[in-house]
Amino acid sequence: MTDNSGKTVSRRELLLAARTPTVDFGAYDIPEDQVPVPPANAQVLPTACEYCIVGCGYKAYVWPVDERPGGAKADLNAYRANYPVQSATGKWASPNMHNIVRRNGKLHHVVVVPDGETAVNRAGNHSIRGGTLAQKVFNPTKPTADRLQSPLLRVRGMLQPISWDTATSIAAELSKHVIAKYGEASWAMRYYSYHFWENTYALTKLALGSIATPNAAEHDKPTAENDATGLDDSGVDGFSAAYKDWQEADVIYISGVDPYENQTILFTEWIAPGGAKIVFVNPRKSPTAAYAERNGGVHLQLLPGTDALLNNGIARIILENGWEDSTWIGKVVATAEDIKQEKSSWRRVRFGLSFAEYKAWLLGDNEYQLDNVARITGVPAAKIRWAAEMLAQPRGQIRPKASFLLEKGNYWSFNFPNSASLSALGLLCGAGGRPGQVMSRAGGHQRGMMKAAGYPLAKSPAVYHDFRPGDPSGGKIPLNTDEWVFQGKTRLTWALGTTWVTALSAGQSIRDKVSALTRRHAAQVTSFDKDQAIAELKQRTDNGGMVLIQQDIYQNDLTEYADLVLPAAGWGEEDFARAQGERRLRIYSKFYDAPGEAKPDWWIVAQVAKKMGFSGYDWKDSNEVFEEAVGKSKGGAYDATAVVEFAKKQGRRTHDLLREMSTTGIQLPARLEGDKLVGTDRLHDQTFPANRDASKIVKQFNTASGKAILMKGDWLTVKPVREKFAPKADEIWVINGRINELWQTMYDDLRKPFSKRRYPSNFLFINPADAKSRGIESGDLVSVENDFVVNILGEVTKGSLSLVAYVTDEVAAGVGYTYSFYPGQNSNTIVPAVTDPVTGVYNYKIGKGRVRKIGETPLKQVDGGMSFVPRSIG
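Computed from a prediction, not measured in an experiment: that's the story for all the values here. (Residues numbered from 1 in each chain as written. Predicted model: local features only at pLDDT ≥ 70, side-chain atom pairs only at ≥ 80, totals over all residues. Heavy atoms only, no water.)

Novice: Hey, could you run me through the overall build of the chain in this one?
Specialist: A tally of regular secondary structure across the chain gives 28 helices and 29 strands. Against the 2.2 N^0.38 benchmark of 29 Å for 874 residues, the chain shows a C-alpha radius of gyration of 26 Å, consistent with a compact globule. Across its three principal axes, the chain shows a C-alpha extent of roughly 70 × 70 × 65 Å. Out of the 874 residues belonging to the chain, those deemed buried represent 63%. Taking the contacts inside the chain whose residues are at least 6 apart along the sequence as the reference set, 74% of them involve residues at least 24 apart. Only carbon and sulfur atoms are counted for the fraction: they give 50% of the accessible area of the chain, which is about 29800 Å². For the chain, the separation between the mean place of its 104 positive charges and that of its 96 negative charges on side chains is 1 Å. (Helix = DSSP H or I, 4+ residues; strand = E, 2+ residues; numbered from the N terminus. Rg over C-alpha atoms; globule rule 2.2 N^0.38 Å. Buried < 20%, exposed > 50% of the residue type's maximum accessible area, 1.4 Å probe, protein only. Contact = heavy atoms within 4.5 Å. Areas by Shrake-Rupley, 256 points an atom, 1.4 Å probe, with all protein chains shown as cover. Lys, Arg positive; Asp, Glu negative; His and termini not counted. Charge placed at Lys NZ, Arg CZ, Asp CG, Glu CD.)

See below:
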């Protein structure tokens with residue numbers, strides 16, 4: 001093929017070009033200028049976006065390439081629209097919404113467009129991420145050509161294709177060996193939590209059920225811990241709200257997330273149209289911050305890691321003025337006697353407070369006085385008081401309807417104190433289970449986890465550092481999987497849908513350790529002979545090493561350490577189901593063939609499990625897995641048992657019923673009322689009719705007493721840790737997070753010229769004052785180095801990365817911001833592996849480093865392919 005200049009270039013050169021900031025992207029990005037219209041007989045399959053928590057509804061239109069495209073009249077096209085259309089509500093496709101795929105072995109057009117008839121993105125709108133879904137599908141003539149298509153075994157240092165029978169036999173025999181010789185805890189699984197119920201059920205059935213290993217964790221944490229633990233412990237489910245609640249609120253407290261950037265349609269179609277004033281809590285002046293200030297709200301631009309202090313400071317102002325919702329507190333907040341019922345939760349017993357205890361604690365601690373809070377957080381006292389007034393000050397006899405939205409910027413700074421202090425603040429203001437008065441996570445991935453078994457906490461050797469005799473569960477906490485690796489106790493790790501070593505804190509340290517245990521170990525595979533390969537890898541596990549099995553759709557930063565690589569089938573390549581941010585369950589239809597020999601994760605796990613001698617893995621298709629998995633949802637927030645029951649009464653497969661429900665699906669928990677299948681708007685709903693039957697979680701909070709608990713999120717547990725790891729001398733904070741145009745580890749974005757052109761390199765947002773003092777301009781290449789990166793064993797290591805400078809007042813002086821998971825430029829290399837003192841979750845957002853200019857990049861030129869214009873436009 002040729003580039004714009006006529007020069008012949010290979011596809012490998014194009015792919016390499018797409019991974020470096022030193023090329024002219026305009027020479028390679030040649031977008032289509034026309035898209036075929038689906039003919040009237042095109043097959044239409046419902047699906048939803050692969051990416052963020054909102055899960056916008058989409059439809060895939062598929063038809064053979066040898067058929068004529070549709071016409072301009074409504075009866076001649078599958079959109080049933082007359083052209084030209086007056087709006088783009090699911091009736092118009094951009095070039096990024098079209099691709100060529102194989103379906104049943106034959107070439108087909110596919111157009112993936114937002115559905116204007118769904119209950120989520122009601123106007124047929126889409127984010128920049130969802131608008132490029134069609135570009136993620138496999139096409140051997142496009143950048144997705146590098147999809148994994150066959151199992152690979154590393155033989156003499158090179159990954160080479162093998163058969164599925166050989167691959168699954170190796171995985172099974174090695175698994176049996178390490179479990180028999182070293183125990184269940186020597187066998188680890190690092191699994192995603194997002195990629196559909198069918199898959200996560202199979203993974204956890206093997207790991208937590210059949211094997212029952214405590215050495216297991218989800219993709220984004222070192223332990224099997226929840227995310228917003230303080231919110232969970234209060235009894236409020238992380239996704240309790242309905243999207244319409246945000247539209248009905250008077251004021252929304254948004255902590256640690258920018259919903260415009262990260263949950264775009266939630267913001268543009270639900271939050272903004274409602275007109276709520278926004279109290280925006282974030283170290284960055286990002287687009288939602290600008291919007292808040294321009295629309296009667298306030299931006300509390302706090303210094304990193306001071307969330308608990310700010311939350312409690314606002315709560316203290318409310319208490320000092322008597323603005324708390326006393327009627328609500330009297331009705332739903334647990335008393336001291338209620339808290340004693342929490343026999344299974346040592347955190348609730350230890351940190352749960354009655355209202356009287358909570359009030360006495362906050363008013364009695366001088367740390368939460370307004371002047372001190374303003375001094376440490378960096379937020380002006382007048383703004384803090386203004387926020388308290390907006391949230392809780394009555395207007396005559398009418399209280400403001402306040403809702404609270406949080407995400408990773410909150411609970412990944414200091415996990416428990418930040419999320420606990422926010423949940424208590426929300427309860428104080430009357431939020432938690434009423435229309436327009438809710439608390440919920442904004443969300444990252446969609447809700448694709450359906451566990452087949454609970455975590456075997458009794459097998460974990462880890463205990464809370466301040467354990468006291470009599471604590472429920474013995475004060476046990478889940479095992480830290482990274483620590484187990486460093487201690488040489490993990491003999492086999494199976495990592496699925498995660499980059500693991502670059503996703504967690506102290507990244508360079510753990511990469512070095514994993515490399516020593518795998519690629520640099522003396523025992524390596526030297527033959528394709530299955531028995532010999534198994535013997536050589538057993539030798540490694542018996543001599544202090546570790547075997548790494550990777551399962552994914554592409555090679556990534558983890559692949560260089562993998563012994564066995566298994567190709568997975570993904571979105572669009574199998575019928576799957578999962579829920580989104582308001583617990584809406586939908587089908588994600590298969591509309592094209594998976595590449596090569598790629599298989600869905602549930603199938604791969606089943607083959608290994610059967611060869612290990614376990615029963616119960618004889619599923620014929622993904623629908624069978626789904627219907628079995630749903631049995632584990634009963635009584636919970638994602639209870640879909642009524643959906644399966646409803647389908648079986650009609651003699652139908654549940655996947656087919658969900659396909660009929662299309663992109664609207666049903667909000668869980670679902671229940672049968674007579675012969676009607678009914679969904680649930682919000683959880684813990686205090687307005688739910690008493691005479692209607694529903695599960696406890698629909699009507700009450702998720703605690704033993706059914707009442708919400710005020711959890712003590714104490715700044716004093718944060719303060720010494722934050723001070724220890726704060727910037728010194730010429731260092732600045734370097735926090736991290738998402739950006740609108742990119743998604744997670746960029747597994748798709750690397751292969752989308754449209755997305756990659758916007759950010760061809762990871763960046764460092766740096767304040768003009770910090771940039772000037774260091775001689776830095778936008779487009780310069782800068783280094784960030786941290787000499788105090790403590791790993792999970794407490795050893796002091798170092799971390800560094802190079803970034804492209806982006807000079808902007810989006811960040812305050814002394815604070816920088818970078819993208820979390822940019823391949824090869826990962827922010828976690830400069831973040832210490834310091835865990836939350838209560839939950840053991842890493843403080844991913846608390847990075848720092850010395851910043852200096854080390855060169856310039858071609859991106860500094862006006863036409864260099866990356867814009868450095870201000871983003872805080874509101």
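Novice: Mind showing me how you'd approach the domain arrangement of the chain here?
Specialist: How big an interface is tends to be stated in terms of the accessible area lost upon association of its parts. As assigned here, the chain comprises domain 1 (43-137), domain 2 (152-224 + 478-575 + 592-621), domain 3 (229-447) and domain 4 (725-860). Taking only C-alpha atoms, the centre of domain 2 and the centre of domain 4 are 30 Å apart. With 23 residues of domain 2 at the contact, the number on the domain 4 side is 28 residues. In total, domain 2 and domain 4 occlude about 1800 Å² of area from one another, counting both sides; carbon and sulfur atoms represent 56% of this. It is S505, Q508 and Y554 in domain 2 that bury the most area against domain 4; as a group they hold 29% of the surface buried on that side. At the boundary of domain 2 with domain 4, the tally comes to 9 residue pairs in polar contact (both at pLDDT 80 or more). (Domains from an automatic or database assignment. Buried area = accessible area lost by both parts, 1.4 Å probe. Polar contact = N/O pair within 3.5 Å; in protein donor to acceptor, adjacent residues only side chain to side chain.)

Novice: Could you clarify how one ought to interpret the sheet that holds strand β17 (residues 564-567) in this entry?
Specialist: Strands in a sheet are paired, the pairing made by backbone hydrogen bonds, and the direction either parallel or antiparallel. Taken together, 7 strands build an open sheet; the order of strands is β6-β5-β17-β16-β15-β7-β8 and the sheet is mixed. Every interior strand has two partners, whereas the edge strands, β6 (158-161) and β8 (216-218), have only one. The sheet shows a mean angle of 20° between the axes of neighbouring strands, taken without regard to direction. In the sheet, strand β5 (residues 152-155) pairs with β6 via 4 bridges, with the strands oriented antiparallel. In the strand pairing of β6, L153 is matched with Q160. Of the strands in this sheet, β7 (187-191), β8 and β15 (492-496) are in contact with helix α3 (residues 197-210), which crosses β7 at around 155°. Sitting on the sheet, helix α21 (residues 601-611) is in contact with β15, β16 (547-552) and β17, with an inclination near 160° to β15. (Pairing = 2+ DSSP bridges. Axes fitted to C-alpha atoms, helices over the stretch in contact; angles between N-to-C directions.)

Novice: I would appreciate a short explanation of the sheet that holds strand β26 (residues 780-790) in the present structure.
Specialist: With mixed pairing, the 6 strands of this closed barrel are ordered in space as β24-β28-β25-β27-β26-β29. Neighbour-to-neighbour, the strand axes of this sheet turn through a mean angle of 45°, independent of strand direction. The sheet contact formed by strand β25 (residues 763-766) and strand β28 (residues 815-819) spans 2 bridges and is antiparallel. Each residue of the ladder has a partner; that of F765, found in β28, is Y817.

Novice: Would you take a moment to explain the environment of P720 for this structure?
Specialist: Among the structural elements, P720 can be located in helix α26 (residues 715-725). Owing to a relative accessible area of 46%, P720 belongs among the partly exposed residues under this scheme. In this structure the C-alpha to C-alpha distance between P720 and K408, which are 312 residues apart in sequence, comes to 21 Å.

Novice: Explain the packing of helix α9 (residues 307-320) against helix α17 (residues 415-428) here, please?
Specialist: How two helices sit against one another is set out by the angle between their axes and by the gap between those axes. Contact geometry of α9 with α17 gives a least axis separation of 8 Å together with a crossing angle of 20°. The orientation of α9 relative to α17 falls into the category roughly parallel. Crossing of α9 over α17 shows left-handed handedness. Counting all contacts with α9, which are made through D307, A308, N311, N312, I314, A315, I318 and L319, the residues of α17 involved are P417, N418, S421, L422, L425 and L428. Residue composition of the contact of α9 with α17, grouped by class: 9 nonpolar, 4 polar and 1 charged. (Parallel < 35°, antiparallel > 145°, perpendicular 65-115°, else oblique. Left-handed = near helix turned anticlockwise from the far one by under 90°. Nonpolar A, V, L, I, M, F, W, Y, C, P; charged D, E, K, R; others polar.)

Novice: Where do I start with the nonpolar core in this structure?
Specialist: Inside soluble globular proteins, nonpolar side chains tend to come together where they are buried. W197, L206, W494 and F591 are the most contacted members of the largest nonpolar core, which has 132 residues in total. Not counting residues up to four positions away in its chain, the partners in contact with L206 are W187, M189, I211, A212, W494, V605, A609, M612, F614 and Y617. (Core = buried A, V, L, I, M, F, W, Y, C linked by side-chain atoms within 4.5 Å.)

Novice: Help me understand empty space enclosed by the protein, please; the structure alone is not making it clear to me.
Specialist: In this approach the atoms are scanned with a rolling probe the size of a water molecule, which exposes any empty space left behind. Overall, the coordinates contain 3 cavities of 30 Å³ or more when judged by the stated rule. There is about 70 Å³ of room inside the largest cavity. What lines the largest cavity is simply C49, Y51, C52, V54, G55, C56, Y58, S127, R129, Q263, T264 and I265. Here the residues of the lining of the largest cavity sort into 7 nonpolar, 4 polar and 1 charged. In terms of domain composition, the lining of the largest cavity takes at least three residues from each of domain 1 (43-137) and domain 3 (229-447). One number sums up the size of the second largest cavity: a volume of about 50 Å³. (1 Å grid on protein atoms, 1.4 Å probe; cavity = no way out; pocket = protein on both sides within 12 Å on 5 of 7 lines; lining within 4 Å. Points joined across faces, edges and corners; volume = space filled by probe spheres on them.)

Novice: Would you mind going over the pattern of salt bridges with me for this structure?
Specialist: Opposite charge on two side chains lets them pair, provided their charged atoms get close. For the coordinates displayed, the defined rule picks out 60 salt bridges. Between E407 and R441 there is a salt bridge, with the nearest N and O atoms lying 2.9 Å from each other. Here E407, found in the loop between β13 (402-406) and α16 (408-411), pairs with R441, found in strand β14 (residues 439-441); they are 34 residues apart in sequence, far enough to count as distant. For E407, a relative accessible area of 2% gives the class buried. Each member of the salt-bridge network shares a partner with another, and the members are E218, D220, K221, D227, E407, K408 and R441. (Salt bridge = Lys/Arg side-chain N within 4 Å of Asp/Glu carboxyl O.)

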